[in-house]
Amino acid sequence: MRRQLVALGGASLLFGVSAFAVQAQSITPGELPDPPVFEAQGTPTFVGISDIFEYKALPEYHEPEWVTTNFVDKGLLPPVGERLPAEPMVFKASNAVDGIGVYGDVMRHVIGGRPEGWNYIGGQSQGWGGIDIGMMECLTRTGPLFEVKAEELAPLPNLAKSWEWSEDGHELTMHLIEGAKWSDGDPFDTEDIMFYWEDNVLDPNVSPTNGATPETFGEGTTLEALDEYTIKWTFKDVRPEQYLYQMAYGTFCPGPSHILKTKHPKYNPDITYDEYKNGWPAEFMNWPVLGAWVPVEYRADDIIVLRRNPYYWKVDENGNQLPYLNEMHYRLSTWADRDVQAVAGTGDFSNLEQAESYVEALKRSADANAPARLAFGARTIGYALEFNYSANGWGEPDERAQAVRELNRNLDFRKAVTSAVNRQALGESLIRGPFTAIYPGGLYAGTTFYDKASTVYYPFNLEGANATLDTLGLVDTDGNGVRNFPADTAGGQDIEITLLANADYGTDGNLAEGIVAMMEPLGLRIILNLQQDVNIGDLSQSGKFDWWVRRQGAEIVSVVQNTVALAPTGPRVHASHRAGTDGTLDLLPFEQEMVDTVNAFVGTNDPAERVELMKKYQKLFTENVYAVGLTQYPGALIINKRFANIPLGAPIFMFNWAEDNIIRERVYVPADKQQNYELHPNTLPGAPGSEGPISG
Ligand code: BQZ
């Protein structure tokens, strides 16, 4: 087919086929089919923020009995009231579907990642799958916002329990919880906040996990500590409330400065930044946290076990210190195995997110005696093909790669690529049925700021795609079926393009192989670069890719979460366009318009203006094929039936992942359903760096 096509292409150039014929084959937008109707998705019960929790002192507090007898009574731990802040966070029973819970049992997670170490703010991941979400706490919180009514939608207080704006709107003063402690008893205060900000976010030698940079909080923004529990932000914009979302998970979650400072080069000139980043390997147990659970056991490639944090600063309305679950397990396996174990009942939780596993999971959980229930949410899982747009050195491209960057920056080239993608076939290659939707790229259909009329869609049109590349002069000069660069570019060699994809997910690999196959009749040779998750971060952040099949982030789902990442609004913010070797961003004109649109969105709180700005963003994104949308589908939450207080309609991914959305600290197992799964019953975390948990 392609040989005949290339000949045809060649022929048209040689014999001057009429302009009209070329025109007919050229690429024009078409009608975007609506996503198939998907009835199965659950609906949350929408509430106000104050219906979920408040901060207040209670007359009395409680803890698991064995903590009192084995630890407090023996003087190994202060009484619970002294371990809690002056005004703990108090969850309202009326908002918890099953009300006040009981202590005990374990949630058995299975994850596909592997821990690099505990220095999260220094750039190490703990293996994902909610392990960091259970250990870290951030200034604000957004996961549970899926159940907050639209008129009240705003980040939830968390470590910052209240805040106020200055008259002129440039200053935001935040009040932290007072008297909270890290899980080793060390006080939490502004020293931890300022260490994160000054010695990690602002330090160019440190790349915090989840990518916080100074621009994440607005260019020229400053932060200072006014006293032990008060911080003040100063912004250039007026009341940029948008940045409150950036103060949630993954970009403003402080680490234990009393530990981290001991190996930070600023305070220890004889230590390198690499030694700082890798200062606390996964074998280091009892890492201090503000979250509900502390790592107490780690067996490489096997399991991480976490035990309840005795200093956790949240309670229920009866004053019971949370969490209810004493232990968390993270079995180190694969993401696909997570689904299998959850439906089989040997694991307790999974975000069903790999479409290939849906049929089996649905079949297994349909049985009334199935151990787990499966609940679909909205279509918030989606993939796109990202182009590396930097032509000024990001990722130190060689001559071939530089030539590819130039092509990526050519709109007709991108139009040809998107028109050679048969999305219907791609979706069906993952799963048949009403799951996958035709996704052109940009904001997802079915989400708050999506507007179909502003979405430009170039339908599958291989003929037009080939004609367009012919017109660009990308002809197969050596007849081997692969188009060549023009003679004066990269030595006129075959056009070979590297495609980065995550090897830890079947879906990423399948979609990438689909792209390789679909680019072949277009005469482009795609070299698949399947990499494990731990490498994807470094390769992608350092620009070492031509193309990248990427599962989209929260910014594409909610817009309000990580908004700044919707365009290259800063030198190290966007997934596929970062600053070159001279520190500048070589933005294309439409990119500059996208940056201005996103910055305008961040700079206004006017709802109508924000809607219009996102229509403009969507039009700019899709008509310029900023990324090639591949597919979009709903995820499903799989949870073992013995767990209570699982909120209705919790999406696996929206503002954050379900591990945050379901508020695990108030999830419990009724006494009559509790299983004997605890590996270290009646124990608490030991001192930082010491072996395992202690049993009082
Ligand atoms: C959910 C999530 C919790 C990271 C990770 C992983 C990393 C990315 C992303 C998801 C995993 C699970 O996603 O797939 O279901 O449990 O952990 O954090 O893909 O590679 O860097 O952003 O969250």
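Up top is the structure these notes are about.
All values reported here derive from a predicted model rather than from experimental measurement.

## A closer look at the overall build of the protein
And step 1. When helices and strands are tallied, the protein shows 21 helices and 21 strands.
And step 2. Computed over its C-alpha atoms, the radius of gyration of the protein comes to 26 Å, within 12% of the 26 Å expected for a compact globule of 696 residues.
And step 3. Summarising its shape, the C-alpha atoms of the protein cover approximately 95 × 55 × 50 Å along the three principal directions.
And step 4. Across the protein, contacts joining residues at least 24 apart in sequence account for 75% of those joining residues at least 6 apart.
And step 5. Carbon and sulfur atoms make up 52% of the accessible area of the protein, which amounts to about 25000 Å² in all.
And step 6. For the protein, the distance from the average position of its 53 positive side-chain charges to the average position of its 94 negative side-chain charges is 4 Å.

## Thoughts on the pattern of salt bridges
Pairing between side chains becomes possible if they bear opposite charge and their charged atoms approach one another.
And step 1. Taken as a whole and assessed by the stated rule, the structure comprises 37 salt bridges.
And step 2. E386 is the partner of R550 in a salt bridge, and the nearest nitrogen-oxygen pair spans 3.0 Å. Highlighted residues: R550 in strand 19 (residues 547–551) and E386 in strand 16 (residues 381–387), separated in sequence by 164 residues. By the burial criterion, R550 is buried, and E386 matches it.
And step 3. Two residues, D546 and R400, come together in a salt bridge whose shortest N-O distance is 2.8 Å.

## Description of the layout of surface pockets
And step 1. Roughly 950 Å³ of internal volume is contained in the second largest pocket.
And step 2. A150, L153, T448, V560 and F655 are the residues nearest the centre of the second largest pocket, which is lined by 38 residues in total.
And step 3. For the lining of the second largest pocket, the element with the most residues is helix 20 (residues 607–623), which contributes 3 residues.
And step 4. Here the lining of the second largest pocket is built from residues that sort into 22 nonpolar, 12 polar and 4 charged.

## Focus on the state of the cysteines
And step 1. Per the stated rule, a full pass over the model turns up 1 disulfide.
And step 2. Each disulfide pairs two cysteine sulfurs, and for C138 the partner residue is C253, the sulfurs being separated by 2.2 Å. Residues C138 and C253 share a disulfide whose torsion about the S-S bond is about 85°; that sign makes it right-handed. Of this pair, C138 sits in the loop between helix 5 (131–135) and strand 4 (140–141) while C253 sits in the loop between helix 7 (243–246) and helix 8 (257–260), and the two are 115 residues apart along the sequence.
And step 3. Residue classification places C253 among the buried residues on the basis of a relative accessible area of 1%.

## Observations concerning the pairing of strand 8 (residues 222–227)
And step 1. Two elements, strand 8 and strand 9 (residues 230–234), share 5 bridges in a ladder whose sense is antiparallel. The partner of A225 across the bridge, within strand 9, is I231.
And step 2. Here strand 8 folds back onto strand 9 in antiparallel fashion, the turn holding 2 residues.

## Focus on the pairing of strand 17 (residues 496–502)
And step 1. The buried fraction of strand 17 amounts to 5 of the 7 residues, a majority that puts the element mostly inside the structure.
And step 2. When strand 17 meets strand 18 (residues 525–531), the two strands line up parallel, connected through 7 bridges. Paired with I497 across the strands is I526, a residue of strand 18.
And step 3. Crossover strand 17 to strand 18 through helix 16 (residues 506–519) is right-handed.
And step 4. Of the strand pairs in this sheet, strand 17 and strand 19 are connected by 2 bridges, and their pairing is parallel. Of the residues in strand 19, the one forming a bridge with L499 is W547.

## Quick word on the packing of aromatic side chains
Aromatic rings in a pair are described by how distant their centres are and how their planes are angled relative to each other.
And step 1. The tally for this structure, following the rule as stated, stands at 39 aromatic pairs.
And step 2. Centre to centre, the rings of W233 and F252 are 5.7 Å apart; their planes meet at 70°, and the pair counts as edge-to-face. With W233 in strand 9 and F252 in the loop between helix 7 and helix 8, the pair connects residues that are 19 residues apart, well separated along the chain. For the pair shown, W233 and F252 are each scored as buried.
And step 3. With a centroid separation of 6.3 Å and an interplanar angle of 90°, the aromatic rings of Y276 and W280 are classed as edge-to-face.
And step 4. W280 sits in the buried class, given a relative accessible area of 3%.
And step 5. Each residue in the set W165, Y196, W197, F217, W233, F235, Y243 and F252 is aromatic and connected to the rest through ring pairs, giving one cluster.

## Focus on helix 14 (residues 423–430)
And step 1. For helix 14, every residue scored as buried is listed here: R423, L426, G427 and L430. One side of helix 14 holds all its buried residues, which, seen down the axis, span an arc of 95°.
And step 2. Between a side-chain oxygen at the N-terminus of helix 14 and the backbone nitrogen of Q424 the separation is 3.2 Å; the capping residue is N422.

## Thoughts on the site of the ligand
And step 1. Around the ligand, the neighbouring residues are W128, G129, G130, W335, R338, N351, E353, Y505, D533, R551, W657 and E659.
And step 2. Measuring from an oxygen atom of the ligand, one finds a side-chain N or O atom of W657 at 3.0 Å.
And step 3. Separating an oxygen atom of the ligand from a side-chain N or O atom of E659 is a distance of 2.5 Å.
And step 4. Starting from 460 Å² of accessible surface for the ligand in isolation, the protein chains cover 84%.

## Some words on the sheet that holds strand 14 (residues 349–352)
Strand pairing in a sheet is mediated by backbone hydrogen bonds. Such pairs are either parallel or antiparallel.
And step 1. If you trace the 3 strands from one edge of the open sheet to the other, you get 14-21-15, paired in antiparallel fashion. Of all the strands in the sheet, just strand 14 and strand 15 (372–376) have a single pairing partner and so form its edges. Across the sheet, the mean angle from the axis of one strand to that of its neighbour is 15°, orientation sign disregarded.
And step 2. Relative to strand 21 (residues 636–640), strand 14 runs antiparallel, the two sharing 4 bridges. Bridging across to strand 21, F349 finds its partner in I639.
And step 3. Contacts from helix 10 (residues 335–344) reach strand 14, strand 15 and strand 21 within the one sheet, and its direction differs from that of strand 14 by about 125°.
And step 4. Contacting strand 14, strand 15 and strand 21, helix 11 (residues 358–366) crosses the sheet at an angle of about 130° to strand 15.

## Things to note about empty space enclosed by the protein
And step 1. Under the definition given, this model contains 5 cavities of 30 Å³ or more.
And step 2. For the largest cavity, the calculated volume is near 180 Å³.
And step 3. Taken together, 19 residues line the largest cavity, and the ones lying closest to its centre are I133, M136, E137, R141 and D660.
And step 4. Of all the secondary-structure elements, those providing two or more residues to the lining of the largest cavity are helix 5, strand 4 and helix 21 (658–661).
And step 5. Each residue belonging to the lining of the largest cavity can be placed in one class, and the counts come to 7 nonpolar, 5 polar and 7 charged.

## Quick word on the packing of helix 14 against helix 16
And step 1. The interhelical angle for the contact between helix 14 and helix 16, taken along N-to-C directions, is 145°, at an axis separation of 10 Å. In terms of crossing hand, the pair formed by helix 14 and helix 16 is right-handed. The residues of helix 16 that touch helix 14, namely those facing A425, L426 and L430, are T507, N510, L511, G514 and M518.
And step 2. Of the residues belonging to the contact of helix 14 with helix 16, the class tally is 5 nonpolar, 3 polar and no charged.

## Concerning the environment of A150
And step 1. Along the chain, the position of A150 falls in the loop between strand 4 and strand 5 (156–157).
And step 2. Owing to a relative accessible area of 65%, A150 belongs among the exposed residues under this scheme.
And step 3. Sequence separation between A150 and Y633 is 483 residues, and the spatial gap between their C-alpha atoms is 23 Å.

Calculation criteria
- Residues numbered from 1 in each chain as written.
- Predicted model: local features only at pLDDT ≥ 70, side-chain atom pairs only at ≥ 80, totals over all residues.
- Heavy atoms only, no water.
- Helix = DSSP H or I, 4+ residues; strand = E, 2+ residues; numbered from the N terminus.
- Rg over C-alpha atoms; globule rule 2.2 N^0.38 Å.
- Contact = heavy atoms within 4.5 Å.
- Areas by Shrake-Rupley, 256 points an atom, 1.4 Å probe, with all protein chains shown as cover.
- Lys, Arg positive; Asp, Glu negative; His and termini not counted.
- Charge placed at Lys NZ, Arg CZ, Asp CG, Glu CD.
- Salt bridge = Lys/Arg side-chain N within 4 Å of Asp/Glu carboxyl O.
- Buried < 20%, exposed > 50% of the residue type's maximum accessible area, 1.4 Å probe, protein only.
- 1 Å grid on protein atoms, 1.4 Å probe; cavity = no way out; pocket = protein on both sides within 12 Å on 5 of 7 lines; lining within 4 Å.
- Points joined across faces, edges and corners; volume = space filled by probe spheres on them.
- Nonpolar A, V, L, I, M, F, W, Y, C, P; charged D, E, K, R; others polar.
- Disulfide = S-S within 2.5 Å.
- Pairing = 2+ DSSP bridges.
- Right-handed = clockwise from strand over helix to strand, strands pointing away.
- Phe/Tyr/Trp six-rings, centres within 6.5 Å; stacked < 30°, edge-to-face > 60°.
- Arc of directions from axis to C-beta.
- Polar contact = N/O pair within 3.5 Å; in protein donor to acceptor, adjacent residues only side chain to side chain.
- Near = heavy atom within 4 Å.
- Axes fitted to C-alpha atoms, helices over the stretch in contact; angles between N-to-C directions.
- Left-handed = near helix turned anticlockwise from the far one by under 90°.

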